[in-house]
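# Secondary and tertiary structure notes
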Amino acid sequence: MNDQDKKIAKIKNNCRIGKVIATIMCIICICGCVLSAIGGIAMYANSEEWEPKIAQAIEEGKIDTDKVSIGTAKMFHIEGIDPDDWESDVPAIQEALTNRPYTTIYGGYCFGIAAVIAVCAVLMKLISGTFAIIEKEDNPFTDKVIKRVTVVMIIVSAFLFFTAGASFGILGGLVTLVVYSILDYGKTLQIQSDETL
């Protein structure tokens, strides 16, 4: 086995590991999505039971929607939880916001979180599929691999742009451009190597 074959074998092994990890992450995301959706359904289904408990916990200061933190690290901030700030043109939603505001708002948050986690699950599945393609190909510089890696990286960059912020999305786009350039250059070198053999 020459040096090039050893490196390709190492790439395939790394892709096998990446595929397994991405698949595990996909399963975790699916579980999180289902649990979050169940939480939202439970909020809506048991709103008569939960609404007074949430209101009481907020009045007693047990729930502080402005500061959700672990240690000194602030985890997230929920704005607009005051039910008086929320309105809807849809009569059924407005009735829910009037009669059971906290469970309606928190249930909606649960469904929103479920949607974001579902997108993460799809991304993990795409990443896992990309690792599988690289593992199956003779080398990582084929058109199929380059196209798939580029498409997945563009999708991940767009996801970062809309969730983590513009700076992360732009950074992801730049990394995508660099990785595409490297793969394209590797393809050119591979073609030249194949022609000399």
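Thresholds applied
Here, residues in each chain are numbered from 1, in the same order as that chain's written sequence. With the structure being a predicted model, the display of local features is reserved for residues of pLDDT at least 70 and the display and counting of side-chain atom pairs for 80 or more, all residues being used for whole-chain, interface and lining totals. Hydrogen atoms and water are omitted, and side-chain values are computed over all heavy atoms in the structure. For helices, the axis comes from a line fit to the C-alpha atoms of the stretch in contact; other axes are also lines fit to C-alpha atoms, and the angle between any two N-to-C directions lies between 0 and 180 degrees. Here a strand is any run of E in DSSP of at least two residues, a helix any run of H or I of at least four, and the numbering for each starts at the N terminus. Our angle categories are set so that under 35 degrees counts as roughly parallel, over 145 as roughly antiparallel, 65 to 115 as roughly perpendicular, and the remainder as oblique. Here a residue-residue contact requires only that any non-hydrogen atoms of the pair lie within 4.5 Å. In this scheme, a helix's expected span is set at 1.5 Å multiplied by one less than its residue total. Burial here depends on accessible area, computed with a 1.4 Å probe over protein chains only, as a share of the maximum for the residue type. Under 20% is buried, over 50% is exposed, and the range in between is partly exposed. What pLDDT expresses is the predictor's confidence in each residue, scored from 0 to 100. What makes a crossing left-handed is the near helix being turned counterclockwise from the far one by less than a right angle; a clockwise turn instead makes it right-handed. For this scheme, ten residues count as nonpolar: Ala, Val, Leu, Ile, Met, Phe, Trp, Tyr, Cys and Pro. Four count as charged, namely Asp, Glu, Lys and Arg, and the remainder, Gly too, count as polar. Any Lys or Arg side-chain nitrogen found within 4 Å of a carboxyl oxygen on Asp or Glu counts as a salt bridge.

### Points about the packing of helix 2 (residues 47-59) against helix 4 (residues 101-136)
- Interhelical geometry of helix 2 versus helix 4 gives an angle of 95 degrees and a closest axis separation of 8 Å. It follows that helix 2 is roughly perpendicular to helix 4 by the angle criterion. Contacts between helix 2 and helix 4 involve Ser-47, Trp-50, Glu-51, Ile-54, Ala-55 and Ile-58 on the former and, on the latter, Pro-101, Tyr-102, Thr-103 and Tyr-106.

### Some details on helix 1 (residues 3-45)
- Here helix 1 contains 43 residues, and its C-alpha end-to-end distance of 62 Å stays within 8% of the 63 Å for a straight helix at 1.5 Å per residue.
- Looking only at helix 1, the buried set comprises Ile-8, Cys-15, Gly-18, Ala-22, Cys-26, Cys-29, Cys-33, Ser-36, Gly-40 and Met-43.
- Of the surrounding secondary structure, the elements contacted by the buried residues of helix 1 are helix 2 and helix 4.

### Describing the confidence of the model for the protein chain
- Looking at the protein chain as a whole, the pLDDT averages 82, with 85% of positions reaching at least 70.
- Segment residues 68-80 is flagged for pLDDT under 50; beyond a separation of four residues in sequence, or across chains, it makes 16 contacts in the model.

### Considerations on the packing of helix 1 against helix 4
- Contact pair helix 1 / helix 4: the axes reach a minimum separation of 7 Å and the direction vectors enclose 165 degrees. Here helix 4 runs roughly antiparallel to helix 1, going by the angle between their axes. In the packing of helix 1 onto helix 4, the handedness of the crossing is left-handed.
- In terms of residue class, the contact of helix 1 with helix 4 is made up of 26 nonpolar, 11 polar and 6 charged.

### Some points on the pattern of salt bridges
- Counted under the stated rule, the structure contains 5 salt bridges.
- Across the pair Lys-19 and Glu-135 runs a salt bridge whose closest N-O atoms are separated by 3.1 Å. Taken together, the positions of Lys-19 in helix 1 and Glu-135 in helix 4 put the pair 116 residues apart, joining distant regions of the chain.
- Judged by its relative accessible area of 26%, Lys-19 falls in the partly exposed class.
- For Glu-135, a relative accessible area of 17% puts it in the buried group.
- Among the ionic pairs, Lys-187 bridges to Asp-143, the shortest N-O distance being 2.5 Å. Within this pair, whereas Lys-187 is found in helix 6 (residues 166-196), its partner Asp-143 is found in helix 5 (residues 143-163), the two being separated by 44 residues in sequence.
- Accessibility expressed as a relative area gives 23% for Lys-187, which makes it partly exposed.
- Each member of the salt-bridge network shares a partner with another, and the members are Arg-16, Lys-19 and Glu-135.

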